[in-house]
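# Working through the structure, step by step
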Amino acid sequence: MFKTLAGFAFAKRSVYGQHSKLMKVSRMPKIAIIGAGLAGLSCAREIALAARPEMDIAVYDKSRGIGGRMATRYAGAYEFDHGAQYFTSGSDRFGAFLAEQTGQGHVLQWPEKIQRIGGASARDAVRYVSAPRMNTLCKAMAEPLETVLNTRISGLERAGDGWHLQDEAGNRMARLIMSSAPCPPRK
Ligand SMILES: Cc1cc2nc3c(=O)[nH]c(=O)nc-3n(C[C@H](O)[C@H](O)[C@H](O)COP(=O)(O)OP(=O)(O)OC[C@H]3O[C@@H](n4cnc5c(N)ncnc54)[C@H](O)[C@@H]3O)c2cc1C
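All of the points below concern the structure found in this document. (Residues numbered from 1 in each chain as written. Predicted model: local features only at pLDDT ≥ 70, side-chain atom pairs only at ≥ 80, totals over all residues.)

### Observations regarding the pairing of strand β3 (residues 70–75)
Consecutive side chains of a regular strand alternate in pointing toward one face of the sheet and then the other. Bridge analysis of β3 against strand β4 (residues 78–83) gives six bridges, and the strand direction is antiparallel. Following the sheet pairing, Arg73 is matched in β4 by Phe80. From the end of β3 to the start of β4, which pair antiparallel, there are two residues, and Gly76 there has a positive phi angle of about 60°. (Pairing = 2+ DSSP bridges. Helix = DSSP H or I, 4+ residues; strand = E, 2+ residues; numbered from the N terminus.)

### Quick notes on the sheet that holds strand β11 (residues 176–179)
Read from one edge to the other, the open sheet built from four strands follows the order β7-β2-β1-β11, with strand pairing classed as parallel. If you trace the sheet from one side to the other, it starts and ends with β7 (146–148) and β11, each paired once. Neighbour-to-neighbour, the strand axes of this sheet turn through a mean angle of 20°, independent of strand direction. Together, β1 (31–34), β2 (57–60) and β11 form the strand contacts of helix α2 (residues 38–50), whose direction differs from that of β2 by roughly 175°. (Axes fitted to C-alpha atoms, helices over the stretch in contact; angles between N-to-C directions. Contact = placed C-beta atoms within 7 Å.)

### Observations regarding the site of the ligand
Near the ligand you find 24 residues, and of these Gly35, Gly37, Ala39, Gly68 and Ala181 are the closest. The dominant element in the shell around the ligand, judged by the number of residues it contributes, is α2, at three residues. Classifying every residue of the shell around the ligand by side-chain character gives twelve nonpolar, eight polar and four charged. Both domain 1 (1–84 + 137–187) and domain 2 (85–133) contribute no fewer than three residues apiece to the shell around the ligand. (Near = placed C-beta within 6 Å. Nonpolar A, V, L, I, M, F, W, Y, C, P; charged D, E, K, R; others polar. Domains from an automatic or database assignment.)

### Regarding the environment of Pro144
Within the fold, Pro144 resides in the loop between α4 (136–142) and β7. Separated by 99 residues in the primary sequence, Pro144 and Arg45 place their C-alpha atoms 9.1 Å from one another.

### Quick notes on the environment of His82
Of note, His82 is situated in strand β4. The exposure class of His82 is partly exposed, given the 15 C-beta atoms found within 10 Å. Each C-alpha atom of the pair His82 and Thr72 lies 5.3 Å from the other, and the pair is ten residues apart in sequence. Those residues in contact with His82 that lie beyond four places of it in its chain are Ala71, Thr72 and Arg73. (Buried ≥ 20, exposed ≤ 12 C-beta atoms within 10 Å, placed from the backbone.)

Dropping the structure here:
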């Protein structure tokens, strides 16, 4: 979808696994997004769709996979969706995005009935799942973006006209930072 936009000049540079060794040479993306879950990728996608070709985005995630809590785990021959079991749409904009992703086969309406036990309530709404796995939607969103996995950003520091992002592999710089990392749990 991004690739069809005139002037869209993001190279696919997704790096799975041992990327940190490969990424030691720092460059300065204009925008660093922390978190490759639905929020971070939605942000990257919106910026990418609105951006000029020279707008350079990198998405960092501490995990080895994309999707955050829209997660799928693998165990031998088995795989499990682990995290969100389905999602709903609360806005026309997200609804339009889901319709587009449904057309591309990344999302399905969830046909199951919600059984209410006792006095439990469940909102009547169209429910969606990413298909065939819960992480498929986020993987598709990340596809045209630069994603740097296994990279936990542990600190941010102002540095000249940019920011210094600290992680175990060394120093990374960015002009702007957007973090979708969840707040630490309250003690
Ligand atoms: C069991 C369960 C059931 C759920 N059920 C539903 C549901 O039915 N319907 C629904 O709408 N939602 C549901 N949710 C919530 C839904 O999964 C989340 O709201 C949504 O996926 C959150 O997306 P996010 O991008 O905000 O955060 P996340 O998916 O958590 O993404 C944040 C990302 O940031 C990364 N990160 C964090 N800290 C750092 C760091 N320091 N450096 C680099 N990367 C970092 C993480 O690895 C993660 O990938 C459920 C969640 C769970 C766990």
